Every structure is written in structure tokens, then in C-alpha cells.
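A look at the structure
In case you want the letters, here they are:
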Amino acid sequence: MSPAPDERDRIRAAMDRILTDHPEHSNGALTIVALALEAGVPRNALTQRHTDLKNEFYDKVRARGGTPDSEKRLRKQVRRLKELRAAGAEEIAQLKADVEALVGALQQATSENQLLRQQLPQRSQVLRTLPTQLGPTPSHAERNGHGPGGT
């Protein structure tokens, strides 16, 4: 089924109205959607059957110093994605620096722990270990060996 003979003429007339800022059936945006509305044809008429007219429309928009709305939207999206990528790279760099700092702190704590363990047998003092579970705090008498059941 071939398109109606006047479909191309309607698209060209709609193109002229939009490009001269005198749209009658659309908002006059520099888009294929607006052009299709203005011409009274389905959008796929421009994206599938009359791609030459679609390209001609975009060429005329660029020639008059304008940028098609679809291109403006894509440029805005590209700009936003670049900003997100830069922010992500900055966050990754900060996380890498944090990891390096934490690894350094862990190595220092491990070295200090080993040193303390080596010094432990050399001490003549009695060392008490801390309880591993949280429980009731012993009273003063219990700490001195005089707790319940003690002397």
C-alpha cells in the first residue's frame, strides 16, 4: 500500500509552517513528533516511509542556526551522564584512599599487637584478661576475692 500522494506535500507544508514559526496543528517544536502532528500523518510516516523528509527537516533546522529538540535533550542527558561519571570517579578515588588508610591502620595495629604479645612473657606483673561477655559489673568485694561464697 503506497502512501497517499499528498502525504509528502502535507509534510513539506507542515515543515514550512513549523520553520516559519506558524504552526497550526502542533506546538511548533522542532521535533519529528511535532512535524507529524502538524502534517496530520503518523510519526512512523517520517521515521520509516519518508526518512528523506525527516533528514531534510533536521538539516533545515540546523541550517537556520537551531538545534533539534531531540538533539538538545540528548546533549543535556550526555552532560548529566558526564557529571555523574565524574562524581563516581571522585567517589571511587576517595574510597581507594580510605581503603589504603584503613589497611595502613590495620597493619600498624597488627604490628603493635605482635609487639605486645612478645613482651607479655617478659613481664613479671600479673596480667588480667578482660571479660569477653558483657555482664553485671562485679562489686568491689568481688573484685578483691571477697564475693558471694568467698571469705
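A brief look at the structure comes next. (Residues numbered from 1 in each chain as written. Predicted model: local features only at pLDDT ≥ 70, side-chain atom pairs only at ≥ 80, totals over all residues. Heavy atoms only, no water.)

1. Quick word on the overall build of the protein
Counting its regular elements, the protein contains six helices and zero strands. Expressed as a percentage of the 151 residues in the protein, the buried residues total 19%. Of the roughly 12,100 Å² of accessible surface on the protein, a fraction of 54% belongs to carbon and sulfur atoms. (Helix = DSSP H or I, 4+ residues; strand = E, 2+ residues; numbered from the N terminus. Buried < 20%, exposed > 50% of the residue type's maximum accessible area, 1.4 Å probe, protein only. Areas by Shrake-Rupley, 256 points an atom, 1.4 Å probe, with all protein chains shown as cover.)

2. A word on the side chain of R17
Checked against the element boundaries, R17 lands in helix 1 (residues 7-19). In this view, R17 contacts H22, P23, E24, H25 and E38; residues no more than four positions away in its chain are not counted. (Contact = heavy atoms within 4.5 Å.)

3. Things to note about the nonpolar core
By size, the foremost hydrophobic cluster in this structure holds 19 residues, and its most contacted members are I11, M15, L35, L46 and F57. When residues no more than four places from it in sequence are discounted, the contact partners of I11 are L35, A39, V41, L46, H50 and L53. (Core = buried A, V, L, I, M, F, W, Y, C linked by side-chain atoms within 4.5 Å.)

4. Digging into the packing of helix 1 against helix 2 (residues 32-39)
For the pair helix 1 and helix 2, interaxial distance at closest approach is 8 Å and the crossing angle is 115°. Like other packed secondary-structure pairs, helix 1 and helix 2 cross with a definite hand, here right-handed. Taking contact as the criterion, the partners of R10, I11, A14, M15, R17 and I18 in helix 1 are, on helix 2, A34, L35, E38 and A39. A per-class count over the contact of helix 1 with helix 2 returns seven nonpolar, no polar and three charged. (Axes fitted to C-alpha atoms, helices over the stretch in contact; angles between N-to-C directions. Left-handed = near helix turned anticlockwise from the far one by under 90°. Nonpolar A, V, L, I, M, F, W, Y, C, P; charged D, E, K, R; others polar.)

5. Focus: helix 1
Under the 1.5 Å per step criterion, the end-to-end length of helix 1 is 18 Å for 13 residues, consistent within 8% with the ideal 18 Å. Within helix 1 the residues assigned to the buried category are E7, I11, A14, M15, R17, I18 and L19. Tucked into the core, helix 1 has its buried residues touching helix 2, helix 3 (43-49) and helix 4 (51-63). D21 lies just past helix 1 and shows a positive phi near 60°. (Expected span 1.5 Å × (residues − 1).)

6. Quick word on unusual backbone geometry
The backbone of D21 sits at a positive phi, close to 60°, despite the residue not being glycine. Take D21: it is sitting in the loop between helix 1 and helix 2. The class of D21 is exposed, set by a relative accessible area of 55%.

7. A look at the pattern of salt bridges
Across all of its chains, the model carries nine salt bridges by this definition. With a shortest N-O distance of 3.9 Å, R10 and D6 are connected by a salt bridge. As a salt-bridge pair, E38 and R17 come within 2.7 Å of each other at their nearest N and O atoms. Remark: R17 occurs in helix 1 and E38 occurs in helix 2; sequence separation between them is 21 residues. Taken together, the salt bridges that share partners define one network made up of R12, E56 and K60. (Salt bridge = Lys/Arg side-chain N within 4 Å of Asp/Glu carboxyl O.)

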